[in-house]
Every structure is written in C-alpha cells, then in structure tokens.
Amino acid sequence: MSRLILTFTDSGAGDLKTARLADCVIGIEHRFVWGRPPASDELDLSLSRRPIERHDPSPHWLDNLTGAPFADARDHGLGLIEFCERFDAVDLWVDPDPNSQLQLVWLLDFLRPHPNITSKLAILPADCVIGDQPPSDLATRQLGLAPVHSDHLDIASAAWAAWRAPTPESWFGLLQQDLGELPRLRDSVIALLEELPLRNCGVGATEMRMLELISAGYLHPYDLFPGHEKPNERCTFGYWEVGALLDGLARCSMPAVSGLDEGPFDLAMHDAPDRHERYSRSRLALTELGKAVLAGADDFSRHNPIDRWWGGTHLTKDNLWRWNLALTKS
C-alpha cells in the first residue's frame, strides 16, 4: 500500500523522510499565527493545478520540492489533490504548536470537498515537536494515527472560519465546543487568545513574559526567546515573530524596554555580522513604563500605536477595549 505523509514543518518532514515511514513525505509550511491571513483564493491557488503552458510566479506547493516523486508532478503542474490521488493512504503528522494546528484546520477545510481524499486521511496529533524526535522513535509514534471522519472536518472548518473572522468572538466561542477530535486544538485556541493585548496593560502573553524575564535578570535579547531548556516557555510565536514583538516593546515612541542596540529584527540585520553581534550583546532593562506595564499599573497601548493582525482581526489601539469587553461578556 502506497503512503504519503503531509506535515507542517521542514524539520518534521526531514525526520520523517529519514525514518522511511512512507513512500513520500511533504512539508507544507505557512505562517498563520502572524500577519494578516492570506486571501482564500491565494491559498487555494497555492495547492491547485498550475497551468504548464505559462510561467506563473504565484507561490505553489511544488516550488521547493525536489526529487523523483515530484519531477513528474511538476512537469504536469499537479495540484495537491491530484498528487494525493496517487496514494492509497495519506497521513497528517501535526505538531502541537498553534501554527501547526492552524495549518491543520486550513488543510482539512481545503480537502473537505474531496471525499476521495478525506476517506484515506489519518491524523497523528503529536504531543511533542516531530522534528525534535529521533527518527527511530517515529515508527512507534505512528501507532497513534486515527482515521479522519466528518467530525474532524466540521471542527476544522469552524476553526478556520473563526480564525479568519474580523473579530475574535468566534475564536473564543470554540472553547464552548467539543474539540476532542482534534486534541491539540483547544490548547492552541487558548494560547492565541492569550496573545490578544490585555485591556489593563496593552500587551499579550508573550510580550508580558519577556518583561517578566527582563525583570528577573535576563539581560540579553536571545535570553527572552523561546527554545529548548530556555525560560520562555511560550511557543505560540516563532523566531522572527518574537523578534518583532521585542522590537515593538523597545523601538517605539515610548519604550517599555531599553538597551536594544540594533534593529529592526530582519534579514538585513542578520546578514550584517557586526549588527547582529551588537544586537546579541545588548543589555536590556525595563523602563519606567515597562515596570508599570508589568505591574498592571499602566497600559502600553495608551502611549504607543498598535497596528498588527491577530488572525482576521486588525488590532489597533482603538479596538482593544472593544475586543476585551466582547470576550469578557462571551
């Protein structure tokens, strides 16, 4: 029986390939926890059949895949649906972090109208990062695969619509539903809700944790980043996103953090060794505002503009109270 594994991180795909648990392994990675969600048409196009008679510059699921299994698919511009049809079984290996969970519900929602594919789907909801596991251990973990049923698809579609909604109430409402068929989703719903700026301080959970760590004596920027055996246990956001949040606390009109000697946290800074070294060696401290925000005595958003996306919700200084009030009433 031919088997295809789909997973949502490059590191997980690498380990699964090494473990040789399937005829083909594909890593499909989008960042949905940060920034405005891509338009539905754009996402559908990235997985759909691509015309081969002309060059289409739009991102496509085949773009970064190499090797014999994909040469023919690329030559024919196959969509993911057509590629999945070549296999008898399609397994989804899913990390527990919020971004992987969002990718899972997006993909299940995309596949939902195709019973010829959903009928051979199975999910492995990993309780740890797949890419951190020795390939030799993954064979045992595959015993946790569970067939996909209509309940999985219903929950996924509801969750994906809620994340893309223009207000957070629908996402909050997921907590009133039975999400047990997707056992890692509930924790991700909560983790993402905690990243909404709180109305008494104007920052979310990851920003607050960084302020706590600086107050506790962690002075260098990378001390604040999540990672293995690091004091910041919040893994809702990835490397670049945490860097952007620290920029937001330190590089603004009234900072909560002082001492960040370089920035912004982007590729240009990383490509300049001297700038990156200055960033790494920065000695951080809380400003008076930072101390007040940490104590819940002042609101960061009163002094600094907020302009970013939380799913389909455009967060601004003017609507933070509205969302907090609406969620409290819910």
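Within each chain, residue numbers correspond to sequence positions counted from 1 in written order. Under the rules for a predicted model, residues below a pLDDT of 70 receive no local features and side-chain atom pairs below 80 are neither given nor counted, while totals for whole chains, interfaces and linings still include all residues. Excluding hydrogens and water, the side-chain figures rest on all heavy atoms present in the structure.

**Digging into the overall build of the protein chain**
Selection criterion: Secondary structure elements follow DSSP: runs of H or I no shorter than four residues count as helices, runs of E no shorter than two count as strands, and numbering proceeds from the N terminus. The contact criterion used is simple: two residues touch if any of their non-hydrogen atoms lie within 4.5 Å. Under this rule, positive means Lys or Arg and negative means Asp or Glu; His and the chain ends count for nothing. By convention, the charge on Lys lies at NZ, on Arg at CZ, on Asp at CG and on Glu at CD.
Along the backbone of the protein chain there are 17 helices and 9 strands. Put simply, 63% of the contacts in the protein chain that link residues at least 6 apart link residues at least 24 apart. Mean positive and mean negative side-chain charge positions of the protein chain (31 and 48 charges, respectively) differ by 3 Å.

**Structural notes on the pattern of salt bridges**
Condition: For this document, the term salt bridge refers to a Lys or Arg side-chain nitrogen within 4 Å of an Asp or Glu carboxyl oxygen. Buried means the residue's accessible area, taken with a 1.4 Å probe over protein chains only, is under 20% of the maximum for its type, while exposed means over 50%, and partly exposed covers the values in between.
Applying the stated rule across the entire model yields 16 salt bridges. Between Asp91 and Arg3 there is a salt bridge, and its shortest N-O distance comes to 2.6 Å. On the criterion of sequence distance, the pair formed by Asp91 in strand E3 (residues 89-94) and Arg3 in strand E1 (residues 3-7) is long-range, its members being 88 residues apart. Accessibility expressed as a relative area gives 1% for Asp91, which makes it buried. The salt bridge partner of Lys291 is Glu288, with a shortest N-O separation of 3.5 Å. Of the two residues, Lys291 and Glu288 both sit in helix H15 (residues 288-294), 3 residues apart, roughly one turn of that helix. Assessed through its relative accessible area of 61%, Glu288 is described here as exposed.

**Observations concerning the packing of aromatic side chains**
Put simply, the rule reads: Ring geometry is summarised as follows: Phe, Tyr and Trp rings, the Trp one being its six-membered ring, pair when their centres sit within 6.5 Å, and such pairs are stacked at plane angles under 30 degrees, edge-to-face over 60 and tilted between the two.
If you walk through the whole model with that rule in mind, you get 18 aromatic pairs. Through successive ring pairs, a cluster of aromatic residues spans Tyr222, Phe225, Tyr239, Trp240, Phe265 and Tyr279.

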